[in-house]
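The lines below spell out each chain.
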Amino acid sequence: MSGTVLWAAVLAGSLGCYLLKLAGLSVPAAWVEQPWVARVVDFVPAALLAALVAVQAATSGHDLVLDGRLVGLAVAAVALALRAPFIVVLLLAGAAGALVHVIAG
Amino acid sequence: MTSPERTATLRDAIGLGLAVGLYGAAFGAAADAAGLNTWQAVTLSALMFTGASQFALVGVLGAGGSALAAVGSALLLGTRNTVYGVRLVPLLQPRGFRRLGTAHWVIDETTAMSLAAPDRALSRLAFLATGATIYLTWNLMTAVGVLGAAALGGTARAALDAVVPAAFLALLWPRLRAAFPEAAVQRRVAVGGVVVALALTPFVPAGVQVIAAVVAVALAGRPRAAERPTASEEMA
């Protein structure tokens, strides 16, 4: 992807996110406090973040792949379940990914 | 100015801000892994300044997605901040020009700290202290992360590749905990998001499967019969 397109995504995304923030401080509360808006805001993050976890951990282009990333993710899940601090979770996941890379060559 | 409540508010706000700001290093590394350059990563943290949207944007680009899909997923996650703003207006009462500046710092953490403060003056203090601390450390650590990641190679690269999905999981995790409102529905939606994204991956342009995962909200985001009084609409 060209640098220009990346910059366009960076700037358009930033402007859009800022306007979403500003809208909350500017529009009448009744516009936003609708039941369907509440459902979207409560649950869209879970769907998107879960999809991103899956895509980042188990896909490459159009293929489903199993490599060190998925092993690192499993380690991270165990660490999170044990309430490990964020930085520990990431270090363990990284160590697991590196280990698989070394073993698998 | 030296009341114990002010001190406690400042301490909590700065403590949270420093802890969250460190996360910026993970973002910087993810941005580098996705093919963004240093300036693009730093610009995102300075101008977008809302973590989940930033991660989503670089996550979709990193998966080979189009700019449109990347911006779309960032905006979908950014709608949270609109609702936060509505809740903050009575506390912060931002007027005129100040509203433009206040808006930039409306994120998960500033909202949580502001709403938790015992009165309105402390709400404003919590908002400003949390916002300032996170803004400074988040941007600084983004630069550290992107420059550090750019210097990596081989095995360290493989480690970074494993850190990125783990960082997304860490963002998602609090929503799945039992203490989170409607955690059972959150979990169903999350599982639905994974299934939809993986099922579509072979067939749709990269990144589209992430946005398509929002249909999981429609599929799984409604309370089950046991979780509400009547089940008749469940079949609708």
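Just so you know, these numbers come straight off a predicted model, no measurement behind them.

1. Remarks on the overall build of chain A
And step 1. The secondary structure content of chain A amounts to five helices and two strands.
And step 2. Along chain A, from the amino end to the carboxyl end, the secondary structure elements read α-α-α-β-β-α-α.
And step 3. For chain A, whose C-alpha radius of gyration is 19 Å, the value lies well above the compact-globule estimate of 13 Å for 105 residues.
And step 4. Out of the 105 residues belonging to chain A, those deemed buried represent 44%.
And step 5. Summarising the internal contacts of chain A: among those between residues at least 6 apart in sequence, 33% fall at separations of at least 24.

2. Considerations on the packing of helix α3 (residues 51-62) of chain B against helix α8 (residues 155-176) of chain B
Relative orientation and spacing of two packed helices are given, respectively, by the angle between their axes and the distance between those axes.
Residues and elements named next belong to chain B.
And step 1. Closest axis-to-axis distance for the α3/α8 pair is 11 Å, and the angle between their directions is 145 degrees. As for the relative orientation of α3 and α8, their crossing is left-handed in sense. Taking contact as the criterion, the partners of Ala52, Phe55 and Gly59 in α3 are, on α8, Ala167, Phe168 and Leu171.
And step 2. Residue composition of the contact of α3 with α8, grouped by class: five nonpolar, one polar and no charged.

3. What to know about the environment of B:Ala190
And step 1. Among the secondary structure elements, B:Ala190 is positioned in helix α9 (residues 183-200).
And step 2. As for B:Ala190 and B:Leu171, which are separated by 19 residues in sequence, their C-alpha atoms are 12 Å apart.
And step 3. If we ignore the near neighbours within four places in the chain, the residues touching B:Ala190 are A:Ala46, A:Ala47, A:Ala50, B:Leu172 and B:Leu176.

4. Remarks on the packing of helix α1 (residues 3-26) of chain A against helix α5 (residues 96-104) of chain B
And step 1. In contact at an axis separation of 8 Å, α1(A) and α5(B) are set at 125 degrees when each is read in the N-to-C sense. When the axis of α1(A) is compared with that of α5(B), the two are oblique. Where α1(A) crosses over α5(B), the two elements pack in a sense that is right-handed. Within the contact between the two elements, α1(A) uses A:Tyr18, A:Lys21, A:Leu22 and A:Leu25 and α5(B) uses B:Arg99, B:Leu100, B:Thr102, B:Ala103 and B:His104.

5. Points about helix α6 (residues 108-116) of chain B
And step 1. When α6(B) is considered as a whole, its buried residues turn out to be B:Glu109, B:Thr110, B:Thr111, B:Met113 and B:Ser114.
And step 2. Buried residues in α6(B) make contact with α1 (4-33), α4 (67-92) and α7 (120-150) of chain B.

6. Structural notes on the domain arrangement of chain B
Residues and elements named next belong to chain B.
And step 1. Looking at chain B, the domain boundaries give domain 1 (4-154) and domain 2 (177-236).
And step 2. The C-alpha centroid of domain 2 is placed 26 Å from the C-alpha centroid of domain 1.
And step 3. Counting residues at the interface gives ten residues for domain 1, matched by seven residues for domain 2.
And step 4. Here the side of domain 1 that touches domain 2 takes five residues from α4, the largest share from any one element.

7. Observations regarding the interface of chain A and chain B
And step 1. Counting residues at the interface gives 64 residues for chain A and 82 residues for chain B.
And step 2. Counting only elements with at least two residues in the side of chain A that touches chain B, the list comes to α1, α2 (29-32), α3 (35-58), α4 (68-81) and α5 (86-104) of chain A.
And step 3. Of the residues forming the side of chain A that touches chain B, the biggest block, 19 residues, is contributed by α3(A).
And step 4. Along the lines of polarity and charge, the residues of the side of chain A that touches chain B split into 47 nonpolar, 13 polar and four charged.

8. Focus: the confidence of the model for chain B
Residue and element names in this part refer to chain B.
And step 1. Scored by pLDDT, chain B has a mean of 88; 94% of the residues are at 70 or more.
And step 2. Here helix α11 (residues 215-220) is the element of chain B with the lowest mean pLDDT, 83, and helix α2 (residues 38-48) is the one with the highest, 97.
And step 3. Per-residue pLDDT stays below 50 along residues 229-236; that stretch engages in two contacts with residues further than four places along the chain or on separate chains.
And step 4. Among the scores for the predicted complex, ipTM is 0.88 and pTM is 0.83.

9. Examining unusual backbone geometry
Most peptide bonds adopt trans geometry, and most residues besides glycine take a negative phi value.
All names here are of chain B.
And step 1. For phenylalanine 49, which is not glycine, the phi dihedral falls at a positive 45 degrees.
And step 2. Looking at where phenylalanine 49 falls in the secondary structure, it is placed in the loop between α2 and α3.
And step 3. Non-glycine residue glutamate 182 carries a positive phi angle of around 55 degrees.

10. Looking at the environment of B:Thr155
And step 1. Counting through the fold element by element, B:Thr155 comes out in helix α8.
And step 2. C-beta crowding within 10 Å serves as the criterion here: with 14 such atoms nearby, B:Thr155 is assigned to the partly exposed category.

Conventions adopted
- Sequence order as written defines the numbering, with residues in each chain counted from 1.
- Chain letters and ligand numbers both follow the written order, the letters beginning at A and the numbers at 1.
- It should be noted that, the model being predicted, local features are given only for residues of pLDDT at least 70 and side-chain atom pairs only at 80 or more, the latter also being counted only at that level, while totals for whole chains, interfaces and linings use all residues.
- Secondary structure is summarised from DSSP: a helix means a run of H or I of at least four residues, a strand means a run of E of at least two, and numbering begins at the N terminus for each.
- The globule rule used here is 2.2 Å times the number of residues to the 0.38 power, and the radius of gyration it is set against is calculated over C-alpha atoms.
- The exposure scheme places C-beta atoms from the backbone and then counts, for each residue, the other C-beta atoms within 10 Å of its own, assigning buried at 20 or more, exposed at 12 or fewer, and partly exposed in between.
- Any two residues are considered in contact once their C-beta atoms, placed from the backbone, lie within 7 Å.
- For helices, the axis comes from a line fit to the C-alpha atoms of the stretch in contact; other axes are also lines fit to C-alpha atoms, and the angle between any two N-to-C directions lies between 0 and 180 degrees.
- Each crossing is labelled by how the near helix is turned from the far one, with a counterclockwise turn of less than a right angle marking it left-handed and a clockwise turn marking it right-handed.
- Three residue categories are used. Nonpolar comprises Ala, Val, Leu, Ile, Met, Phe, Trp, Tyr, Cys and Pro, charged comprises Asp, Glu, Lys and Arg, and polar comprises the others, including Gly.
- If an angle is under 35 degrees, it is roughly parallel; if it is over 145, roughly antiparallel; if it lies from 65 to 115, roughly perpendicular; otherwise it is oblique.
- Boundaries of every domain are those given by an automatic assignment or by a domain database.
- The pLDDT value expresses, per residue, how confident the predictor is, ranging between 0 and 100.

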